[in-house]
Amino acid sequence: PVLVVDFGAQYAQLIARRVREARVYSEVIPHTATVEEIRAKNPVALILSGGPSSVYAEDAPSLDPAVFELGLPVFGICYGFQAMARALGGEVAQTGNREYGRTDMTVDGGVLHAGMPGHHPVWMSHGDAVTAAPAGFEVTASSPGAPVAAFECPERRMAGVQYHPEVLHSPHGQQVLSRFLTEVAGLEPSWTAANIAEQLIEAVREQVGDGRAICGLSGGVDSAVAAALVQRAIGDRLTCVFVDHGLLRAGEREQVETDFAAAIGAPLITLDDADVFLGHLAGVTDPETKRKIIGREFIRSFERAVARALELQGDDAESVDFLVQGTLYPDVVESGGGSGTATIKSHHNVGGLPDDVEFTLVEPLRLLFKDEVRAVGRELGLPEAIVGRHPFPGPGLGIRIVGAVDKQRLDTLRAADAIAREEMTAAGLDSTVWQCPVVLLADVRSVGVQGDGRTYGHPIVLRPVSSEDAMTADWTRVPYETLALISNRITNEVPDVNRVVLDITSKPPGTIEWE
Ligand code: XMP
């Protein structure tokens, strides 16, 4: 892989994504990785990410200088650019000339920016600046606050830029990253959906051997693609399980039972466990407690499904050892590491896994981003109705009711959600909107007037967000007409709701889900 060394800013993962968009496989590693650890990963290039600090700060994160002697192509970005300059004998100074935001940059030759306009905007965010490039490096760009805004040494396959090529505010950034990978590092762009699918299937085969697995389908893209991969790997030794926990949206169960089962090609067991889940959730208002209860009950449901799965699978099998999960890379990174066990994201997946899980987890997607998961899904022949679906959390509507969860509240939320989804789809917003949680504020009431009478009902919150990977998000500017239509229909058609409000918070600070 191309290893993106994380200096502690939030950019490392985004860089890894951009590298993969350039069709080269990449992973994130912490800057504390030793040279041996780096070498063990067989990297084909290193990218040093931006970081929050100044190279002059006392606790400035650093990288073992020996990594520059590995003979690997290296690309430094922002803080990584300065760290690289310093390690290789250049100069970095506290010029007092801070640049933040859109900056006009002047290009002066070189391989990296070849074919791009001589002046173009880039996104800067720095206090210190490189004042002299290391010996043997050519300075190929400058800006008012960065006399050395880019340098390169194609012979050593090294280059760096002061700006952030990974953000969309640097319009030529993706091109620069691509050029580094292909023209400077000499890599072949070969990370394609077909290759990914093939490799993942092979890896599952290796992990599961002649064992048996069950896969919980949630109705979401991730579990569907994970299940399809495992089905291609181990065939009828996989059984899918769909837990109807009573926290589903309108039509979800029917869709899973018809579309999903057929597309994945594995037998499906549906468990009617709404009473169990709602029983355990009765009176519970704390979001984390809800998540833990739901996670625990998911596992109990899966355990109950094992006996039936074995019956279905026939022959003499005695146990099902593997549980397939649709864990994705952002969750692995968010939970603190690309290595070790997957405990934290698996928590995330179904809400919160208990400690006593006896299954071994199979997580074929744990190194993928959502767009890659969708591409793999298409590669495996899953229909657009599945791969194009908006994310929906495992704990379902249980974490979209602020307050205690019960059947009546769920019916209310389900009705409001169905209207919002219908109108957003009718308005053609499904590809603009990443997802739109609809939330019931069950513990809040406000006064309204409907017909001739006073009402005292609950508000519904619409939370439409735009995002690339759910790590960060912005609220979507849904057209007023659509919002008006949704508001009208919900207040008219859904009993107990007399007010519809719009959540206009980005992430951060607000998460996408309310709980
Ligand atoms: P937040 O609310 O953390 O959500 O901004 C980020 C993304 O993750 C989804 N989400 C979940 N998905 N199980 C899941 O499978 C969960 O427990 C869970 N919680 C949040 C959320 O819908 C959004 O896409």
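Model, not experiment: these values are computed from the prediction. (Residues numbered from 1 in each chain as written. Predicted model: local features only at pLDDT ≥ 70, side-chain atom pairs only at ≥ 80, totals over all residues.)

A. Representation of the UniProt feature "binding site: ATP" (unreviewed entry) in the protein chain. What UniProt calls "binding site: ATP" (unreviewed entry) maps, in this numbering, to Ser-218, Gly-219, Gly-220, Val-221, Asp-222, Ser-223 and Ala-224. Tracing the backbone through its elements, the reader meets Asp-222 in helix H6 (residues 221-234). Excluding residues that lie within four positions of it along the chain, Asp-222 makes contacts with Gly-326, Leu-328, Leu-365 and Val-373. For Ser-223, the residues in contact, after removing those within four places along its chain, are Cys-215, Gly-216, Leu-217, Ser-218 and Gly-326. (UniProt positions renumbered as here; feature names shortened; annotations may be inferred. Helix = DSSP H or I, 4+ residues; strand = E, 2+ residues; numbered from the N terminus. Contact = placed C-beta atoms within 7 Å.)

B. Summary view of the domain arrangement of the protein chain. When cut into domains, the protein chain gives domain 1 (2-184), domain 2 (193-387) and domain 3 (406-502). Computed over C-alpha atoms only, the centres of domain 2 and domain 3 are separated by 29 Å. Facing the nine residues of domain 2 at the interface are nine residues of domain 3. Its residues assigned to classes, the side of domain 2 that touches domain 3 shows six nonpolar, one polar and two charged. (Domains from an automatic or database assignment. Nonpolar A, V, L, I, M, F, W, Y, C, P; charged D, E, K, R; others polar.)

C. Representation of the packing of helix H5 (residues 193-208) against H6. Packing of H5 against H6 brings their axes to within 8 Å, and their N-to-C directions diverge by 65 degrees. Of the two elements, H5 crosses H6, and the hand of that crossing is right-handed. Listed contacts from H6 to Ala-197, Leu-200, Ile-201, Val-204, Arg-205 and Val-208 of H5 are Leu-229, Val-230, Arg-232, Ala-233 and Ile-234. In the contact of H5 with H6, the residues fall into nine nonpolar, no polar and two charged. (Axes fitted to C-alpha atoms, helices over the stretch in contact; angles between N-to-C directions. Left-handed = near helix turned anticlockwise from the far one by under 90°.)

D. Up close: the packing of helix H14 (residues 407-426) against helix H15 (residues 480-493). Contact geometry of H14 with H15 gives a least axis separation of 9 Å together with a crossing angle of 150 degrees. Taken together, H14 and H15 sit at an angle that is classed as roughly antiparallel. As H14 packs across H15, the resulting crossing turns out to be right-handed. Residue-level inspection shows Ala-415, Ala-416, Ile-419, Ala-420, Glu-423 and Met-424 of H14 in contact with H15, the latter providing Thr-482, Leu-485, Ile-486, Arg-489, Ile-490 and Glu-493. (Parallel < 35°, antiparallel > 145°, perpendicular 65-115°, else oblique.)

E. Inspection of the environment of Glu-422 at higher detail. Tracing the backbone through its elements, the reader meets Glu-422 in helix H14. Distance from Glu-422 to Lys-407, taken between C-alpha atoms, is 22 Å for residues 15 residues apart in sequence.

F. Geometry of the sheet that holds strand S16 (residues 360-362). Strand order in this open sheet of five strands is S14-S13-S12-S15-S16, and the pairing throughout is parallel. Pairing within the sheet leaves two strands with one partner each, and these edge strands are strand S14 (268-272) and S16. Between one strand axis and the next, the sheet turns by 30 degrees as a mean value, whatever way the strands run. Pairing between strand S15 (residues 322-324) and S16: three bridges, direction parallel. Residue pairing in the sheet places Val-324 in a bridge with Val-362 of S16. (Pairing = 2+ DSSP bridges.)

G. Region of the structure containing the sheet that holds strand S4 (residues 74-77). Read across the sheet, nine strands follow the order S2-S1-S3-S4-S11-S10-S9-S6-S7 without closing on themselves; strand pairing throughout is mixed. Either end of the sheet is taken by a strand with one partner, and the two such strands are strand S2 (26-30) and strand S7 (119-126). When the angles between neighbouring strand axes are averaged without regard to direction, this sheet yields 30 degrees. Across four bridges, the pairing between strand S1 (residues 2-6) and strand S3 (residues 45-48) is parallel. Looking across to S3, one finds that Val-4 is bridged to Ile-47. Contacts from helix H3 (residues 79-87) reach S1, S3, S4 and strand S11 (158-161) within the one sheet, and its direction differs from that of S4 by about 120 degrees.

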